[in-house]
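What follows is the residue order along each chain.
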Amino acid sequence: ALNPFNSEMHLLRATALSKLGNNEEAVKAFRTALVRDPRNPTLWMQLGDYYEERGDFPRALESAETAEKLLDHYVYRNRIEKLKQKIAEQRPSKIP
């Protein structure tokens, strides 16, 4: 059984569930990991990866920004910029 207090175990579970296509349970496992360790930027980035893989760039951006607030690191800043570009590319052009 999983140790309910171990955020890394919940992260592993979330990743496995995601790869199996069980998205609802994967999100629950990510959220449980974050409840256990909300100041862990790696968990936030992993959640962002999950959202990005599903094309949910706004949520991915929100997760990356949370990670960057917890740990100011160039990798997080670069990721934020890339996600902003993806969001901009999704917006329909205003030019006919």
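Residues numbered from 1 in each chain as written. Predicted model: local features only at pLDDT ≥ 70, side-chain atom pairs only at ≥ 80, totals over all residues. Heavy atoms only, no water.

Draft legend 1. Molecular detail of the nonpolar core. Counting residues in hydrophobic clusters, the biggest one holds 23 residues, and the most contacted among them are Phe-30, Leu-47, Tyr-50 and Leu-83. The dominant element in this core, judged by the number of residues it contributes, is helix H3 (residues 41–53), at 6 residues. Ignoring anything within four residues of it in the chain, the contact list for Tyr-50 reads Ser-18, Asn-23, Ala-26, Val-27 and Phe-30. (Core = buried A, V, L, I, M, F, W, Y, C linked by side-chain atoms within 4.5 Å. Buried < 20%, exposed > 50% of the residue type's maximum accessible area, 1.4 Å probe, protein only. Helix = DSSP H or I, 4+ residues; strand = E, 2+ residues; numbered from the N terminus. Contact = heavy atoms within 4.5 Å.)

Draft legend 2. View of helix H1 (residues 7–19). Compared with the 18 Å implied by 1.5 Å per residue over 13 residues, the 18 Å span of H1 between its first and last C-alpha is a close match. All of the buried residues in H1 are Ser-7, His-10, Leu-11, Ala-14, Leu-17 and Ser-18. Buried residues of H1, viewed axially, fall in a sector of 130°; they line one side. Along H1, the residues that are exposed and aim more than 90 degrees away from the buried face are Leu-12 and Lys-19. On its buried face, H1 sits against helix H2 (23–36) and H3. After H1 finishes, the residue Gly-21 shows a positive phi value of roughly 85°. (Expected span 1.5 Å × (residues − 1). Arc of directions from axis to C-beta.)

Draft legend 3. Region of interest: the pattern of salt bridges. Inspection of the entire model under this criterion finds 8 salt bridges. Two residues, Glu-25 and Lys-28, come together in a salt bridge whose shortest N-O distance is 3.3 Å. Linking Glu-25 with Lys-28, this pair stays in helix H2, spanning 3 residues, or about one helical turn. The partner of Arg-59 in a salt bridge is Asp-56, with the nearest N and O atoms 3.7 Å apart. (Salt bridge = Lys/Arg side-chain N within 4 Å of Asp/Glu carboxyl O.)

Draft legend 4. How the structure looks around the side chain of Arg-79. If you trace the backbone, Arg-79 turns up in helix H5 (residues 74–90). Once you skip the residues sitting within four places of it in the chain, Arg-79 turns out to touch Met-45, Gly-48, Asp-49, Glu-52 and Ala-64.

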